[in-house]
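Structural overview
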Amino acid sequence: MEASRSRRSVADLLREAAIRVEELERSGATGAVGAQTQRQHPVDGETAGSSTGGHPPHVEAATHRGAQHPVDAEVARLFAPYARTGGGAFRARQQRRTQAVSSVQTYSHTFCCLARKDCTMVPPRSVKECLQRAGLGEQRLSFRGDHHSPGEFREFLAQNYPKLRETGGFELLRISGNTRSRGLSVIECPNEGYTVAYLKDPALSINHATIYIRPLQANIPIQQDRAAVSSGPLTPCIFCGEEFPHTVLRQHNALCERRSQNESGNGDSAESRETGSEQGELTAVEDSGQPSSENSEGPNNAWVMEGNPHRAAKLFIQRALQRCQHMEPLGLTLSLLQSLETRHRDIIAFYKRPRVEWASPLTCRLIGDSAIGDGVKRHVLSTVMEALQSGFILDEGQRRVLLFEGERDHLTPSGSLDLVESDFFVTAGRMIGHCFLNEGPCLIGLSPAIIHVILGGNPEMATITHADCVDLDVRDVLELLEGTATLTEEQKARVDSICLPWDLPSVTSENRKWMTEKILLHTVLGRTTKQIKQLKKGLKDSGVWDLLSARPDTAMVMFPRTSEAALTPQMILDKITWPTSNDLDDDVSLEDQCRVLSFLRQFIENGTPDVLKSLLRFWTGWEVLPSYLEVEVINCGLPQSSTCFQTLKLPAHIRELGQFSDDLKAVTTTSYSGFGQI
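Residues numbered from 1 in each chain as written. Predicted model: local features only at pLDDT ≥ 70, side-chain atom pairs only at ≥ 80, totals over all residues. Heavy atoms only, no water.

Remarks on the overall build of the chain
Note the cut-off: Strands here are runs of E lasting at least two residues and helices are runs of H or I lasting at least four, both read from the DSSP assignment and numbered beginning at the N terminus. Only protein chains enter the accessibility calculation, which uses a 1.4 Å probe; a residue whose area is less than 20% of its type maximum is buried, one above 50% is exposed, and one in between is partly exposed. The contact criterion used throughout is that any non-hydrogen atoms of two residues lie within 4.5 Å. All accessible-area figures derive from a Shrake-Rupley calculation using a 1.4 Å probe, and residue coverage is judged against the displayed protein chains alone.
Summing up its helical and strand segments, the chain has 28 helices and 15 strands in all. In the chain, which comprises 678 residues, the proportion classed as buried is 40%. Put simply, of all contacts in the chain between residues at least 6 apart along the chain, 67% involve residues at least 24 apart. Carbon and sulfur atoms make up 51% of the accessible area of the chain, which totals about 37,200 Å².

Have a look at this one:
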C-alpha cells in the first residue's frame, strides 16, 4: 500500500494540493467570520482581548498552524500569494497590462527625404546614395503615437530627418502615374496637416508606395564628407615610387606610364607637359575626393550638391567626359566641297547611329580645309545646332524642314507626321545632349510648357499661353472664346469645326472658359505627345537625362530663353584680355595698336546681337561665350582668327572706323565656308 501511494503521478499530487488549498481557504474564511462575530457579540464571561480557551488570538493561530500536517503547511506556504489575492486580481493586472500595450498602435512605412525644394522626379540610384550619406534618403520608419495628431507626426519626421527643421516646412509626394513613372506628384495636405490616419486613408491609395518628403521653402545643404569616402590605403606607384590612395592610383599610373615612355623619345619638354597635365588632373580628382573615370555611380556626384545650376551643369559635364575619356573617339566629318544639303544629311546620319556613348571624345574634320584643333569641333557643333534651330535642308531646291516652330521663347515640336514616324525627334534629342556635353550651343527659346512635360510634369499643370499655339486658325477661335460678346451661329460653327474633331462638346455660354483651356492643352501638348517622348528618349541616349531628372533647375541651362542667350556688348568686352605695350609686335607701332583696338571697342559697343553673334563665331568657332578672349594687332590684309586659341588678329594698317567695320563684317559673314588655315 505504501509503495503504490509513493508511485502516484504528479497530476494526482497537484490535484490533491489544490483540494487542500481550497479547504484551507474555506476554513480560513469561516474562522475569520467567526472571529468577527465574536468581536461584535462577545460571550458572557469573556473579555474582548481573549479567546475561548483564554489564550490570545496569535497564540491560538500558532497552535493551529503547529497542528497542521507538514505537507499541508508546505503547500500553504507555496501557494500563499494566490490564496491572498484570490487569483482574480493577478489575472486582472495581466489583462490591464495587455490592454495598455495593445492600445499603442504602430505605423511602419518607407520614406525618402529629398534635398531640393523643386525636385519633381524620383532621384536615381547615385543621387540616393548621396542623400543617404547626408542623413536623408530612404528609411523604413515606425511611428508609435496618436495617428490623428499632426504635431506628433511632424515631430516624428523631424527626429528622423533633423535637417527638415531648417527648411520652413515640408510636403509629401508620391510617384505619379504607373509604377514605371519617375515623376512625383504632391499628396494634398489637409487643413490640419499630415497625419498617419490621413496617409492610411484608402482613398489616397498609397498602400506600400514610398512617400517622398520634399522641403518647402529652402533646399537642404548637402556637404560631401571626404572622411566618409573610402579611398583605400596608400600604395606606391611602380614607376615613380610615390604613394597614392587606391582611388587615384589607377589614373596616376596611366599618366606616369605614358611619361616614362615619352622620356626617351620626346625629351624634357614632353616630360614637363605630362607632369603639368598629371598635376592638374590629380588636383581635380583630389578636389572631388573621387576618381574621375571609375565608378561613375559612386559618390563622385558633386553636381548633385552644388547649389548653382550653371555650376552643377558644368560639374556634371566634367564628370561625364572624364568617365569616357579613354573610350574610342567619335569622328564627325563634313565636306566643304559638297552642298549644304549633303552636310545636313551627314549630320543626321551621324546622330542616327545606335548604341553610341555620346560623352566619348569628339574628333571633327572638314574636308576641303586644312584646319585642325578645337576650333574645328566648335565650328561643326555650331553648324549642328544652327540646323536644329533654323531647320535642315534635305532636298535641293526645297525649303528647310523645321523641327521646332513658333515664336521666340515659345517654340514647340513640329506636328509633321513624317518627322514622328522617322524618329527625327530622337535624333534631335541626341543633338541637344551631345552639344551640351561638349559645352556647345544650346536649343534656345523652347516653350516652358514643353520643358515642363519633358521633365515629367503633369500636362494639366503646365502654363500654356496663346503664344505657344502655332496654328493661326486655332488662335482666332481662342480669341472668339475669350471675348464676352454672344457668339453668332457662324462663329459657333467655326468653333465647333475645331472642337468636334477633338471630341470636345459644342460651345455654350457656360463652357467658354473651359473650352479655351482644353483647346490650348490639346493644341500645344496633346498633338506633341509623341514628339516629346522621342525627345526624352534622345536625351536619355545622350546621357544628360540623369542631370535633368536629379536637378530639374538645370533645364534653364540646357534650354535657355532668348533673352538669356542673347549677347550684349558688355558681355564680350568683359571677356577680352586687351594687349599691353609688352605684347606689342616689333612691326606694329603703339599708335597703330591703340587706334585699331579703339576701333574694335567701338564696333562691339555699336553692334547688334546678330552682329555680335557672327563676330563671336568667327572669333571662337561658335556662339558660346568663353571664359576669355584674346586680341592681337599684326600686319595683315584682313582680320583673321585663331579659333583654337580664341584669338582675334586685326590688321594694323586701317586708318578709319568705316573701313574697319566693313572688313570685319565681311570676314565674320563668311565663317560658314571654313577656316582657310591650319
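And the narrative resumes.
Digging into the environment of R378
Looking at the element boundaries, R378 is found in helix α14 (residues 374–390). Overall, R378 belongs to the buried group, its relative accessible area being 10%. Each C-alpha atom of the pair R378 and G440 lies 7.1 Å from the other, and the pair is 62 residues apart in sequence. With sequence-adjacent residues up to four places away left out, R378 is seen in contact with T620, G621, W622, T643, C644 and Q646.

Thoughts on the pairing of strand β5 (residues 211–215)
Put simply, the rule is: Here, strands pair whenever DSSP counts at least two bridges between them.
Across the five residues of β5, five count as buried, placing the element largely inside the fold. Residues I211, I213 and P215 line one face of β5 and the alternating positions Y212 and R214 line the opposite face, and both faces are buried. Here strand β1 (residues 106–113) pairs with β5 via three bridges, running parallel. Within β5, the position partnered with C112 by the bridge is Y212.

Regarding helix α7 (residues 125–133)
What counts, and what does not: Directions are taken from the helix axis to each C-beta atom, and the arc is the one they span.
Taken together, the buried positions of α7 are occupied by S126, V127, C130 and L131. For α7, the angular spread of the buried residues around the axis is 140°, confining them to a single face. The first or second residue beyond α7 is G135, which carries a positive phi of 85°.

Comments concerning the sheet that holds strand β12 (residues 576–577)
The criterion, for reference: The convention used is that axes are lines fitted to C-alpha atoms, helices contributing only their stretch in contact, and that angles between N-to-C directions extend from 0 to 180 degrees.
Strands sit in the order β12-β13-β15-β14 across an open sheet of four strands; the sheet is mixed. Of all the strands in the sheet, just β12 and β14 (640–642) have a single pairing partner and so form its edges. By the bridge criterion, three bridges tie β14 to strand β15 (residues 647–651) in an arrangement that is antiparallel. Looking at β15, one finds that S641 is bridged to L648. Where helix α26 (residues 590–605) meets the sheet, its contacts fall on β12, β13 (629–634) and β15, and the angle it forms with β13 comes to roughly 135°. On the sheet, helix α27 (residues 609–620) packs against β12, β13, β14 and β15 and is oriented at approximately 80° with respect to β13.

Some remarks on the packing of aromatic side chains
Short version of the rule: What counts as a ring pair is set by centres within 6.5 Å for rings of Phe, Tyr and Trp (its six-membered ring), and what kind of pair is set by the plane angle: stacked under 30 degrees, edge-to-face over 60, tilted for all other angles.
Per the stated rule, a full pass over the model turns up 14 aromatic pairs. When the ring of F599 is compared with that of F660, the centres are 5.9 Å apart and the planes differ by 50°; the resulting orientation is tilted. Of this pair, F599 sits in helix α26 while F660 sits in helix α28 (residues 657–668), and the two are 61 residues apart along the sequence. Note on accessibility: F599 and F660 belong to one class, buried. What links up through ring pairs into an aromatic cluster is the set F111, F143, F153 and F156.

What to know about the environment of I206
Following the sequence through the fold, I206 ends up in the loop between α9 (196–199) and β5. Each C-alpha atom of the pair I206 and I187 lies 9.6 Å from the other, and the pair is 19 residues apart in sequence.

Considering the pattern of salt bridges
To be explicit about the condition: Any Lys or Arg side-chain nitrogen found within 4 Å of a carboxyl oxygen on Asp or Glu counts as a salt bridge.
By the definition in use, this model includes 18 salt bridges. A salt bridge links E460 to K518; its shortest N-O distance comes to 3.8 Å. Taken together, the residues E460 in the loop between α17 (448–454) and α18 (472–482) and K518 in helix α20 (residues 512–524) connect sequence positions 58 residues apart. Using a relative accessible area of 25% as the deciding quantity, one classes K518 as partly exposed. Ionic contacts of the salt-bridge type, sharing partners, join the residues R116, D118, R551 and D553 into one network.

Structural notes on the environment of V474
Tracing the sequence through the fold places V474 in helix α18. Given a relative accessible area of 1%, V474 falls into the buried group. Sequence separation between V474 and I519 is 45 residues; the distance between their C-alpha atoms is 8.1 Å. Aside from chain neighbours lying at most four places away, what touches V474 is C469, I498, W502, I519 and T523.

A short note on the sheet that holds β1
If you walk across this open sheet you meet the five strands as β2-β1-β5-β3-β4, and the pairing is mixed. Each end of this open sheet is capped by a strand with a single partner; those strands are β2 (137–144) and β4 (184–186). Along the sheet, successive strands turn relative to each other by an average axial angle of 40°, direction set aside. Bridge analysis of strand β3 (residues 170–175) against β5 gives four bridges, and the strand direction is antiparallel. Following the sheet pairing, L172 is matched in β5 by I213. Seen against the sheet, α7 touches β1, β2 and β5 and runs at an angle of roughly 55° to β2. In the packing of helix α8 (residues 150–160) onto the sheet, contacts are made with β1, β2, β3 and β5, and the angle to β2 comes to roughly 140°.

Points about the state of the cysteines
Should the sulfur atoms of two cysteines be covalently bonded, the bond is a disulfide. Operational definition: Disulfide: a pair of cysteine sulfur atoms within 2.5 Å of each other.
The final tally for this structure, using the stated rule, is zero disulfides. Cysteine C364 shares no disulfide, and the gap to the nearest cysteine sulfur, in C435, comes to 9.7 Å.

As for unusual backbone geometry
Of note in this structure, D409 is not a glycine but carries a positive phi near 65°. Mapped onto the elements of the fold, D409 is located in the loop between β10 (404–405) and β11 (412–413). Overall, the relative accessible area of 12% leaves D409 in the buried class. In this structure, E439 takes a positive phi of about 55° despite not being glycine. Following the sequence through the fold, E439 ends up in the loop between α16 (424–437) and α17.

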